[in-house]
Amino acid sequence: MLDTGDTLPPGPRHLHMVRPNQPVWVDLKLVYPVGAVRTRLPDGLDLTGTVPGLLGMWRATTTGHWVGWVTFQLGPVGRGGTTHSQWVLAEALRPREERNTWSGSFPSERRR
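The paragraphs below set out a description of the structure included in this document. Just so you know, these numbers come straight off a predicted model, no measurement behind them.

## Points about the packing of aromatic side chains
Step number 1: For the coordinates displayed, the defined rule picks out one aromatic pair.
Step number 2: Look at Trp69 and Trp87: their rings are 5.2 Å apart centre to centre, the planes differ by 70°, and that puts the pair in the edge-to-face class. Remark: Trp87 occurs in strand β4 (residues 82–89) and Trp69 occurs in strand β3 (residues 66–74); sequence separation between them is 18 residues.
Step number 3: Judged by relative accessible area, which is 30%, Trp69 ranks as partly exposed.
Step number 4: The ring of Trp25 carries Arg96 above its face, with NZ or CZ at 5.7 Å from the centroid.

Written as C-alpha cells, this is what we have:
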C-alpha cells in the first residue's frame, strides 16, 4: 500500500495523501484542451506549455480515473500570474524527480 506519511485515521478508500508533497510536471495542454490557435497574443496566458507543480493527494473519480490535487503557477509571477490548486487528471502529470524517489506516489505504481 502507498506509504503516505499521514497519521490521521484513514479517509475514503480512494483518497491517498502524498506526504511530503511531490514535485510534478503539469502538462497544461491536457489540463486546458483549448483546440486550434485562433490568434497569437504575446501577453496572454500560455496554456500549451508544461509547468512545475506540487502534488498533494490522489483521488479516484466515479469513472475510475485518478486525479491529483496539484498546486501550480499560471503565468509569470509579478506579471499577472496566479497560483492555482485544482484536481488534474493523472495523464497530465509526471514526476519531476528520479523514479526511485517516487515509489508508490503515482496510482499506477501502487502495490496491490
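What follows picks up the thread again.
## Examining the nonpolar core
Step number 1: In terms of nonpolar packing, the biggest core is built from 17 residues, with Val26, Leu55, Trp58, Val70, Phe72, Val88 and Leu93 touching the most fellow members.
Step number 2: Among the secondary structure elements, those contributing two or more residues to this core are β1 (15–27), α1 (28–31), β2 (50–60) and β3.

## With respect to the sheet that holds strand β5 (residues 93–95)
Step number 1: Taken in spatial order, the five strands make up an open sheet running β4-β3-β2-β1-β5, and their pairing is antiparallel. Every interior strand has two partners, whereas the edge strands, β4 and β5, have only one. In this sheet, adjacent strand axes meet at a mean angle of 40° when their direction is disregarded.
Step number 2: Pairing between β1 and β5: three bridges, direction antiparallel. Bridging from a neighbouring strand, Val26 pairs with Leu93 of β5.

## Section: the pairing of β1
Each regular strand displays side chains that alternate between the two surfaces of the sheet.
Step number 1: Sheet topology places β1 next to β2; nine bridges connect them, and they run antiparallel. What sits directly across from Trp25, in β2, is Pro52.

## Re the pattern of salt bridges
Step number 1: All told, the structure shown has one salt bridge when counted by the stated rule.
Step number 2: With a shortest N-O distance of 3.5 Å, Asp27 and Lys29 are connected by a salt bridge.

So, how was this worked out
Residues numbered from 1 in each chain as written. Predicted model: local features only at pLDDT ≥ 70, side-chain atom pairs only at ≥ 80, totals over all residues. Heavy atoms only, no water. Phe/Tyr/Trp six-rings, centres within 6.5 Å; stacked < 30°, edge-to-face > 60°. Helix = DSSP H or I, 4+ residues; strand = E, 2+ residues; numbered from the N terminus. Buried < 20%, exposed > 50% of the residue type's maximum accessible area, 1.4 Å probe, protein only. Lys NZ or Arg CZ within 6 Å of the ring centre and 35° of its normal. Core = buried A, V, L, I, M, F, W, Y, C linked by side-chain atoms within 4.5 Å. Pairing = 2+ DSSP bridges. Axes fitted to C-alpha atoms, helices over the stretch in contact; angles between N-to-C directions. Salt bridge = Lys/Arg side-chain N within 4 Å of Asp/Glu carboxyl O.

Treat this as a map of the structure, not an account of what it does.
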